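Residues per chain, in single letters:
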Amino acid sequence: MEELYWQSLLQGIVQGITEFLPISSTGHMIIVDHFIHMDASFSKMFEVVVQLGSILSVLVYFHRKLFRIQ
């Protein structure tokens, strides 16, 4: 369980650093996953959840511009 925690933490850091740079955050997460050997089913679920978090953060930040009623 502790190993999964550190793997998740590392993947989260990679996602956070690469998400808003003009590089593929998902590609970097796949590369890191290859080296740390995270469980395949957990890895896929983790990728979906952190991508959703990134999308939600953009929606929250830009909610006034995105949902402006004219």
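Residues numbered from 1 in each chain as written. Predicted model: local features only at pLDDT ≥ 70, side-chain atom pairs only at ≥ 80, totals over all residues. Heavy atoms only, no water.

> Sorry, what's going on with the overall build of the chain here?
Scanning the chain for helices and strands turns up four helices and zero strands. Scanning the chain from its N terminus toward the C terminus, one meets helices and strands in the order α-α-α-α. By the compact-globule yardstick of 11 Å for 70 residues, the chain is too spread out, its C-alpha radius of gyration being 14 Å. By its C-alpha atoms, the chain is 50 × 25 × 15 Å across when sized along the principal axes. Across the chain, every contact between residues at least 6 apart in sequence was considered, and the portion connecting residues at least 24 apart equals 54%. Summed over its atoms, the accessible surface of the chain is roughly 5,600 Å², and 71% of this surface lies on carbon and sulfur atoms. Charge-centre separation for the chain: the mean point of 4 positive side chains lies 28 Å from the mean point of 6 negative side chains. (Helix = DSSP H or I, 4+ residues; strand = E, 2+ residues; numbered from the N terminus. Rg over C-alpha atoms; globule rule 2.2 N^0.38 Å. Contact = heavy atoms within 4.5 Å. Areas by Shrake-Rupley, 256 points an atom, 1.4 Å probe, with all protein chains shown as cover. Lys, Arg positive; Asp, Glu negative; His and termini not counted. Charge placed at Lys NZ, Arg CZ, Asp CG, Glu CD.)

> Any chance you could explain the packing of aromatic side chains here in plain terms?
Aromatic ring pairs are described here by two measures, namely the spacing of the ring centres and the angle between the planes. Evaluation of the coordinates by the stated rule reveals three aromatic pairs. With 5.2 Å between their ring centres and 80° between their planes, Tyr5 and Trp6 make a pair best called edge-to-face. Accessibility expressed as a relative area gives 49% for Trp6, which makes it partly exposed. (Phe/Tyr/Trp six-rings, centres within 6.5 Å; stacked < 30°, edge-to-face > 60°. Buried < 20%, exposed > 50% of the residue type's maximum accessible area, 1.4 Å probe, protein only.)

> Any chance you could explain helix H1 (residues 2-18) here in plain terms?
For the α-helix, the turn length of 3.6 residues means that residues three or four positions removed from each other point alike. The terminal C-alpha atoms of H1, which comprises 17 residues, lie 25 Å apart, in line with the 24 Å expected from a rise of 1.5 Å per residue. Of the surrounding secondary structure, the elements contacted by the buried residues of H1 are helix H2 (25-36) and helix H3 (40-61). (Expected span 1.5 Å × (residues − 1).)

> What exactly am I supposed to notice about the side chain of Ser8 here?
Mapped onto the fold, Ser8 is located in helix H1. Since its relative accessible area comes to 15%, Ser8 is described here as buried. In this structure the side chain of Ser8 is engaged in a polar contact, spanning 2.8 Å, whose partner is the backbone oxygen of Leu4. With residues near it in sequence (within four places) discarded, Ser8 still touches Met38, Phe42 and Phe46. (Polar contact = N/O pair within 3.5 Å; in protein donor to acceptor, adjacent residues only side chain to side chain.)

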